[in-house]
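Next come the chains, spelled out residue by residue.
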Amino acid sequence: MDIKDVSAGSPALARYEEEALFQGAWQRPALSQRDRSIVTLAALITRGQTDALVFYTRYALDHGVTPREISEIATHLAFYSGWCNGTAAAITVGTVFAERGIAADQLPPASPNLLSLDQAAEEQRALTVEQMVGPIAPGLVEDTGAVLFRDLWLRPDLAPRDRSIVTVAALITSGQFVQIGFHLGRAMDNGLTRMEASEMVSHLAYYAGWPNAFSAVPVVKSVFETRAE
Amino acid sequence: MDIKDVSAGSPALARYEEEALFQGAWQRPALSQRDRSIVTLAALITRGQTDALVFYTRYALDHGVTPREISEIATHLAFYSGWCNGTAAAITVGTVFAERGIAADQLPPASPNLLSLDQAAEEQRALTVEQMVGPIAPGLVEDTGAVLFRDLWLRPDLAPRDRSIVTVAALITSGQFVQIGFHLGRAMDNGLTRMEASEMVSHLAYYAGWPNAFSAVPVVKSVFETRAE
Amino acid sequence: MDIKDVSAGSPALARYEEEALFQGAWQRPALSQRDRSIVTLAALITRGQTDALVFYTRYALDHGVTPREISEIATHLAFYSGWCNGTAAAITVGTVFAERGIAADQLPPASPNLLSLDQAAEEQRALTVEQMVGPIAPGLVEDTGAVLFRDLWLRPDLAPRDRSIVTVAALITSGQFVQIGFHLGRAMDNGLTRMEASEMVSHLAYYAGWPNAFSAVPVVKSVFETRAE
């Protein structure tokens, strides 16, 4: 994604990219550039935009997202945005890691020591899913527990807050509004502020398209309203 | 997208493409081939199908869509279908422009003189969005006004009717039905006829998939019902 | 999609692919590996993931899906997941056919003898669509009858049960839940068991993403509830 090449098809878009996007939205203080980088990676991976992902992986590294975090984002989104989006992302970020001299020992191990499980919250989640999904898709219930909530979500190299940001960004990007409630609540439990959540929506207008951002607003609103703080 | 290559995987699909699509749907008089080209470009860009976009950009040029219009379509969809779909489209149409000897001075300038704003309609729109979105995503409200409705939508090289067609086509293609009401109404205010709007849905069955076209029908129906003409 | 390349970006994802996906979900007896291959191809084509499609086309051939069936899947999804997903898929599977020495005479002819039409069911379907869609999009009604239900669906080289599986998988993958009812009912009329339908959802959690699988559950549940068996 070279700005010169964009200009060959649309000088206007090259201008908007500079003025409205990079000098505009990316500079708003309501969300750090590091967090914006994570949100952007999540949107691109969810949409399978591997060309742009090369540029934005470099950009994320330059803005303080670590190789370990980027690797975990690709892994996480294999589950939350479709397997082959995750593998394509892993392959793509791998090429950027190679280009930057980031070696295998700087990536999260395949099987690290996991964070400790919040047993009560997990039992509550498992019970809800068992009741709702169990009679229809027992295989899905099994994998959701064993692979996602008792393994993937406990991997230590992406903080729970950031893992939730990635998940919420993927849900907004793919228009999966029904499941935002649970995950946005979890994100805020893990430290995401209202201002940050709000600005995620505004930022995603660019990377997921204006219609997705507008459709996310009432869902985010209803999550905010159900929370005391 | 060479028809010979399609045939290597599916001789049947090559036949359908010839008979049902190009000799069938594309020939129906309810929508001009020029407008069908615009709708098709919007669908492909929204779906990130840059390979097919090369073929259909040439096709659009052959059917009277101007380079200026094509450039504006890519620019517009950066906002309405996700930024990196827009930049990928700009890069792709740029390669076709080069191949056709279309020079930079045949493209819209980055900052042209804008169409005049319908102050009353814009104030009404801004008020509605402020009330609905303002408390949740103030950054989104700001960009929607300053960048979209007071800038992008006023660019002169794509007629308001055509800009609305592009927007509605993108919304149908991405299954964003909630926002079709506003934009289809706007398209019809700007001159799109019922017959043309209907045939857009039928045309998009091919390029956005049958399920999206069927899902669009009740939404289009309700827009038609709320209009006097 | 080489597992070594995935590992370069995420050793963890390479592990999950081996343990959770190929040694896990793919081995569950509730759905045959042949059917899983069909479901997976449908998901990848619907998402436009042509890189992964190369790997999974080989995999499908190795698990007993015939070249004729694979060709028909690409053809079918041109209509159900957007034209250029179908043509891109046909081109991609064509390269795998060439690599495997599968010649043109092993593919379905462009115009085979069609299966016989269930006249009563087709009249009922046509009537419903005419009433619902006719006043809004007559072109769509025409093509849905002449091209889809009186031609595509009657092509003999993909069994009606399998054609329905492909359709339902595409609808779940693209989040088109409104239309699953009709097509899942049809799939079960054509021999898909409850256990197989359930496991399709669990399998698609991987290839269409967890959120799509979860969103499909209540829809599948309501279809199960309306059926006597």
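Computed from a prediction, not measured in an experiment: that's the story for all the values here. (Residues numbered from 1 in each chain as written. Chains lettered and ligands numbered in written order. Predicted model: local features only at pLDDT ≥ 70, side-chain atom pairs only at ≥ 80, totals over all residues.)

### Looking at the overall build of chain A
Here comes step 1: Each helix and strand counted, chain A has twelve helices and zero strands in total.
Here comes step 2: Mapped from its N terminus to its C terminus, chain A presents α and β elements in the order α-α-α-α-α-α-α-α-α-α-α-α.
Here comes step 3: Computed over the C-alpha atoms, the radius of gyration of chain A is 18 Å, within 12% of the 17 Å expected from 2.2 N^0.38 for a compact globule of 229 residues.
Here comes step 4: Taken along the three principal axes of its C-alpha coordinates, chain A extends 55 × 45 × 30 Å.
Here comes step 5: With 229 residues in all, chain A has 53% of them scored as buried.
Here comes step 6: Taking contacts inside chain A between residues at least 6 apart in sequence as the whole, the part at least 24 apart equals 70%. (Helix = DSSP H or I, 4+ residues; strand = E, 2+ residues; numbered from the N terminus. Rg over C-alpha atoms; globule rule 2.2 N^0.38 Å. Buried ≥ 20, exposed ≤ 12 C-beta atoms within 10 Å, placed from the backbone. Contact = placed C-beta atoms within 7 Å.)

### Structural notes on the interface of chain B and chain A
Here comes step 1: Listed by partner, the interface residues are 42 residues for chain B and 40 residues for chain A.
Here comes step 2: With 13 residues, the single largest contributor to the side of chain B that touches chain A is helix α6 (residues 83–99) of chain B.

### Thoughts on the relation of the copies chain B and chain A
Here comes step 1: The operation relating chain B to chain A is a screw motion whose rotation component is 120°, with 0.0 Å of axial translation and a residual RMSD of 0.0 Å. Viewed as a symmetry operation, the transformation between the two copies matches a three-fold axis. (Least-squares fit on C-alpha atoms with pLDDT ≥ 70 in both.)

### Overview of the environment of Phe-149 of chain C
Residues and elements named next belong to chain C.
Here comes step 1: Structurally, the position occupied by Phe-149 is in helix α8 (residues 138–149).
Here comes step 2: Judged by the 17 C-beta atoms lying within 10 Å of it, Phe-149 is partly exposed.
Here comes step 3: A C-alpha to C-alpha distance of 12 Å links Phe-149 and Pro-160, two positions eleven residues apart in sequence.
Here comes step 4: Excluding residues that lie within four positions of it along the chain, Phe-149 makes contacts with Glu-122, Arg-125 and Thr-144.

### Regarding the relation of the copies chain C and chain B
Here comes step 1: For the pair chain C and chain B, the relating rotation is 120°, the translation along its axis is 0.0 Å, and the fit reaches an RMSD of 0.0 Å.
Here comes step 2: The two copies present different faces, since only 2% of the interface residues in chain C are matched by interface residues at the equivalent positions in chain B.

### Description of the interface of chain C and chain B
Here comes step 1: Listed per partner, the contact involves 42 residues of chain C and 40 residues of chain B.
Here comes step 2: Secondary structure elements with two or more residues in the side of chain C that touches chain B: α5 (67–80), α6 (83–99), α7 (119–133) and α8 of chain C.
Here comes step 3: For the side of chain C that touches chain B, the element with the highest residue contribution is α6 of chain C, accounting for 13 residues.
Here comes step 4: Of the residues in the side of chain C that touches chain B, the class split is 25 nonpolar, 15 polar and two charged. (Nonpolar A, V, L, I, M, F, W, Y, C, P; charged D, E, K, R; others polar.)

### Side note on α8 of chain C
Here comes step 1: Compared with the 16 Å implied by 1.5 Å per residue over twelve residues, the 16 Å span of α8 of chain C between its first and last C-alpha is a close match.
Here comes step 2: Restricting attention to buried positions, one finds in α8 of chain C the residues Gly-139, Leu-140, Val-141, Asp-143, Thr-144 and Val-147 of chain C.
Here comes step 3: Summarising the contacts, the buried residues of α8 of chain C are in contact with α2 (11–22), α11 (194–208) and α12 (210–225) of chain B together with α7 of chain C. (Expected span 1.5 Å × (residues − 1).)

### Things to note about the packing of helix α3 (residues 33–46) of chain C against helix α11 (residues 194–208) of chain C
All names here are of chain C.
Here comes step 1: Where α3 meets α11, the closest approach of the two axes is 10 Å, and the angle between their N-to-C directions is 45°. When the interaxial angle is binned, α3 and α11 end up oblique. Judged by the twist between their axes, the crossing of α3 over α11 is right-handed. Side by side, α3 and α11 meet where Asp-35, Arg-36, Val-39, Thr-40, Ala-43 and Leu-44 of the first sit next to Glu-196, Met-200, His-203, Leu-204, Tyr-207 and Ala-208 of the second.
Here comes step 2: Within the contact of α3 with α11, the residues separate by chemical class into seven nonpolar, two polar and three charged. (Axes fitted to C-alpha atoms, helices over the stretch in contact; angles between N-to-C directions. Parallel < 35°, antiparallel > 145°, perpendicular 65-115°, else oblique. Left-handed = near helix turned anticlockwise from the far one by under 90°.)

### Topic: the confidence of the model for chain A
Here comes step 1: Taken residue by residue, chain A gives an average pLDDT of 96. The fraction at 70 or more is 99%.
Here comes step 2: With a pTM of 0.97, the predicted complex shows an ipTM of 0.96. (pLDDT = per-residue confidence, 0-100.)

### Quick notes on α12 of chain B
Here comes step 1: The terminal C-alpha atoms of α12 of chain B, which comprises 16 residues, lie 23 Å apart, in line with the 22 Å expected from a rise of 1.5 Å per residue.
Here comes step 2: The largest bend in α12 of chain B amounts to roughly 30° and is located at Val-217 of chain B, with the proline Pro-218 of chain B lying one to four residues further along. (Bend = angle between axes of the 7 residues up to and from the residue.)

### Some words on the environment of Val-168 of chain B
Residue and element names in this part refer to chain B.
Here comes step 1: Here Val-168 shows up in helix α9 (residues 160–173).
Here comes step 2: You can call Val-168 buried: it has 30 C-beta atoms within 10 Å.
Here comes step 3: Separated by 140 residues in the primary sequence, Val-168 and Arg-28 have C-alpha atoms spaced 20 Å apart.

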